[in-house]
Amino acid sequence: MENNVGGNIARERHNQNMTQEQLAEFSDLTINYLSKIERGTVKQVGANTLYRISKALGVTMDSLMTGNDIKSSTEFGPNLRQLIKFLDKLDPVQGEEISKKLLEALKITQNQ
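Quick caveat: nothing in here was measured; it's all calculated off a predicted structure.

Each value, and the rule that gives it
Residues numbered from 1 in each chain as written. Predicted model: local features only at pLDDT ≥ 70, side-chain atom pairs only at ≥ 80, totals over all residues. Heavy atoms only, no water. Buried < 20%, exposed > 50% of the residue type's maximum accessible area, 1.4 Å probe, protein only. Helix = DSSP H or I, 4+ residues; strand = E, 2+ residues; numbered from the N terminus. Arc of directions from axis to C-beta. Core = buried A, V, L, I, M, F, W, Y, C linked by side-chain atoms within 4.5 Å. Axes fitted to C-alpha atoms, helices over the stretch in contact; angles between N-to-C directions. Parallel < 35°, antiparallel > 145°, perpendicular 65-115°, else oblique. Contact = heavy atoms within 4.5 Å. Nonpolar A, V, L, I, M, F, W, Y, C, P; charged D, E, K, R; others polar.

Q: Mind showing me how you'd approach helix H4 (residues 47-57) here?
A: Of the residues making up H4, those classed as buried are Thr49, Leu50, Ile53, Ser54, Ala56 and Leu57. One side of H4 carries all its buried residues, which in axial view fall inside an arc of 160 degrees. Along H4, exposed side chains directed more than 90 degrees from the buried face belong to Ala47, Asn48 and Lys55.

See the structure below:
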């Protein structure tokens, strides 16, 4: 059985209704490079690259390599993953402050 990492990535991206642009942004890759990976033009995908893609998709690296048992967190759509990635880049104090304000805003909208 041929190992088609790029095809597995593309299939999972489509399953999550994510564009190449979104996945490239979430994984800090260029769209051009991601497209080459998905098309199979890139024959060897480095571990760091595969890790970044798997984290952006919310799946394991192993599942992307084998195509078996891809378990994604479909409840985490692309916008939520982008928000989490943004919060992860902040220092903990800033992240907590922004999270607190977001939660307060959500509580206000829930009460309306």
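Still more ground to cover, so stick around.
Q: Would you mind showing me how to read the nonpolar core here?
A: Side chains of nonpolar character tend, in soluble globular proteins, to be buried together. Core analysis: the largest hydrophobic core is formed by 16 residues, its most contacted members being Ile9, Leu23, Leu34, Ile53, Leu57 and Leu64. For this core, the secondary structure elements donating two or more residues are helix H1 (5-15), helix H2 (20-27), helix H3 (31-39) and H4. Among the elements that line this core, the one with the most residues is H4, at 4 residues.

Q: Even after reading the chapter, I still don't get the packing of H1 against H3, so can you show me in this structure?
A: Put simply, H1 and H3 touch, their axes get as near as 6 Å, and they point 110 degrees apart. Taken together, the axes of H1 and H3 are roughly perpendicular relative to one another. Between H1 and H3, the residues in contact are Gly6, Gly7, Ile9, Ala10 and Arg13 and Leu34, Ile37 and Glu38, respectively. In terms of residue class, the contact of H1 with H3 is made up of 4 nonpolar, 2 polar and 2 charged.

Q: What should I look at first to understand the environment of Arg52 in this one?
A: When you line up the elements, Arg52 lands in helix H4. As for Arg52 and Phe26, which are separated by 26 residues in sequence, their C-alpha atoms are 8.2 Å apart. Ignoring sequence-local partners within four residues, the contact set of Arg52 consists of Ser27, Asp28 and Leu29.

Q: Is there a simple way to think about H3 in this case?
A: Those residues of H3 that sit buried are Leu34, Ser35, Ile37 and Glu38. Within H3, the buried residues cover an arc of 160 degrees as seen down the axis, which keeps them to one side. Where H3 ends, the next residue or the one after it, Gly40, has phi of about 90 degrees, a positive value.

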